[in-house]
Amino acid sequence: MKKVLIANRGEIALRLLRACKEIGLETVAVHSTADAQAKHVLLADESVCIGPPSAAESYLNMKAIISAATITGADAIHPGFGFLSEREEFVQMVEDHGITFIGPSSEHIRIMGDKITAKDTAVKLGIPVVPGSEGKVETVEEAKAIAEKMGYPVIIKAASGGGGKGMKVVNSPNEIESQLKMAQQEALANFGDKNVYIEKYLKDPRHIEFQILGDGRGNAVHFGERDCSLQRRHQKVFEEALSPVITPEQRQHMGEVVVNAMKKLKYKGLGTIEFLYENGEFYFIEMNTRIQVEHPITEMITGHDLVFEQLRVAQDKPWRLKQEDITFSGHAIECRINAEDPETFAPSPGKITKYHTPGGPGVRVDSALYDGYSIPPYYDSMIAKLIIHGPNRKACLARLRRSLNEFVIQGIKTTLPLHAKLVDNEDIQNGDYSIKWLEETFLKKEA
Ligand code: ADP
């Protein structure tokens, strides 16, 4: 591998570009016309414009991306997250062109991409799952029978869902018909697949996910868990590692469960196995077969550069990680900073008139912003990640508070004030929050 094309934008494109540069790989940036002045484009060795602003015509344009790789002689493509990172068809296309896809095989993306197949695979691999329907649910009668058996409330989910979209909670039998129809329609409209399935709706769980890496030859390790329970509309707002509620015994046990599963699968690359956790039990919800937004907190507590490891595995370099060498030091928290109104969450794109990042020990900012940069209105609103490491959770929170105070982003509205309020909250300080806490306790009080 000599030259890597980065098929993404924003902070993750920059993160990947930096890792490639550090190990002497040449880089190619691809960008839409709206991103010609993006930082990763300016810093890449080469860049290719692949289309107009709309993601469908640029970052999701498979042919344009493959052509860009061909004309620049890139021999590998890193998909980042979102966009084409979990699109089986794209991986197949990359493989067919003799280009290395930095990620798992198209077959593993396929079995983990569809959530019904993923749950089925998890069961076969010995991973505990949320109780629910066996496969898709098509008729109201089927849905009623399953809900009756599990007891209400239940949740109807899109098999091809993602980004927290396409989920309907059903509290009683008289809601099930309308919710099932709506879920099927929304699934078709959003994901082009009307298949839905049913799960027991857990009342007050936490979201706990394990970071894994495999080499495709049967070696695998885990890097501990992340707690991503702080969510709004099923989307993560702030993440921490390790989880304040998981014991070393639970970590060791679940770590073994996921590592054994990945060894059996001969999984290649980085992946995250996501669980809901309630009353001491773990329930698999899905696997992400790519690098994740919140990967830096794991890097902070383990000292491992996950993108570097990902690039090594993609190059089929000899495996050298041992589980006992992966140890945890201190505590890390990541705040996702969005270009949004901190109260209404309305998007707030526009020109950055002043930008000043916090610094000091244990402070990392992953962002592609710079003074004078204009945030285009076409893409995801996440513009920066503030990642803090401290010797323990309390010190980490104190450092986070101090860093949020130093962070200046002017010209647009951001969610920095929301994070500042969160650090001062007693429940957050005590680590006492579930996936529902932000919306049902914190934001309700604020309103
Ligand atoms: P997506 O791929 O859209 O992110 P997930 O299956 O990962 O969907 O679920 C996202 C979030 O939705 C979870 O973190 C949790 O907050 C909520 N959720 C999903 N399944 C359930 C369930 N069975 N019970 C309660 N909450 C759920």
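This write-up is about the structure you can find in this document.

Conventions and cut-offs
- Residues numbered from 1 in each chain as written.
- Predicted model: local features only at pLDDT ≥ 70, side-chain atom pairs only at ≥ 80, totals over all residues.
- Heavy atoms only, no water.
- Near = heavy atom within 4 Å.
- Polar contact = N/O pair within 3.5 Å; in protein donor to acceptor, adjacent residues only side chain to side chain.
- Helix = DSSP H or I, 4+ residues; strand = E, 2+ residues; numbered from the N terminus.
- Domains from an automatic or database assignment.
- Pairing = 2+ DSSP bridges.
- Axes fitted to C-alpha atoms, helices over the stretch in contact; angles between N-to-C directions.
- Contact = heavy atoms within 4.5 Å.
- Salt bridge = Lys/Arg side-chain N within 4 Å of Asp/Glu carboxyl O.
- Buried < 20%, exposed > 50% of the residue type's maximum accessible area, 1.4 Å probe, protein only.
- Parallel < 35°, antiparallel > 145°, perpendicular 65-115°, else oblique.
- Left-handed = near helix turned anticlockwise from the far one by under 90°.

### A closer look at the site of the ligand
Residues in contact with the ligand amount to 21 residues; listed here are only the nearest, Lys115, Lys157, Gly164, Gln231 and Glu286. In the environment of the ligand, an oxygen atom lies 3.3 Å from a nitrogen or oxygen atom belonging to the side chain of Glu274. Between an oxygen atom of the ligand and a side-chain N or O atom of Glu286, the distance comes to 2.8 Å. Counting only elements with at least two residues in the shell around the ligand, the list comes to strand E6 (154-158), strand E8 (196-200), strand E12 (268-278) and strand E13 (281-288). Shared between two domains, the shell around the ligand takes at least three residues from each, and those domains are domain 2 (131-200) and domain 3 (206-446).

### Thoughts on the sheet that holds E8
Read across the sheet, three strands follow the order E7-E6-E8 without closing on themselves; strand pairing throughout is antiparallel. The sheet terminates laterally at strand E7 (167-170) and E8, the two strands that pair on one side only. Taken over all neighbouring pairs, the strand axes of this sheet differ in orientation by 25° on average, direction set aside. Pairing of E6 with E8, which is carried by five bridges, proceeds in the antiparallel orientation. Residue pairing for E8: Val154 is matched across the bridge by Lys200. This element, helix H7 (residues 140-150), spans E6 and E8 of the sheet and lies at about 15° to E8. Of the strands in this sheet, E6, E7 and E8 touch helix H8 (residues 173-191), which is tilted by about 175° from E7.

### Description of the pattern of salt bridges
The tally for this structure, following the rule as stated, stands at 33 salt bridges. Across the pair Lys115 and Glu286 runs a salt bridge whose closest N-O atoms are separated by 3.8 Å. Within this pair, whereas Lys115 is found in helix H6 (residues 115-124), its partner Glu286 is found in strand E13, the two being separated by 171 residues in sequence. As far as burial versus exposure is concerned, Lys115 and Glu286 are alike and both buried. Arg336 is the partner of Glu239 in a salt bridge, and the nearest nitrogen-oxygen pair spans 2.6 Å. Placement of the pair is Glu239 in strand E11 (residues 235-241) and Arg336 in strand E14 (residues 331-338), with a sequence separation of 97 residues. As far as burial versus exposure is concerned, Glu239 and Arg336 are alike and both buried. Residues participating in the shared-partner salt-bridge network are Glu209, Arg226, Lys236, Glu239, Glu274, Glu294 and Arg336.

### Let's talk about the packing of helix H3 (residues 62-72) against helix H4 (residues 88-96)
Interhelical geometry of H3 versus H4 gives an angle of 25° and a closest axis separation of 11 Å. Put simply, H3 runs roughly parallel to H4. Here H3 runs over H4; the crossing is right-handed. Touching Met62, Lys63, Ile65 and Ile66 of H3 are Glu89, Phe90, Met93 and Val94, all from H4.

The values reported here are purely geometric and, on their own, carry no functional implication.
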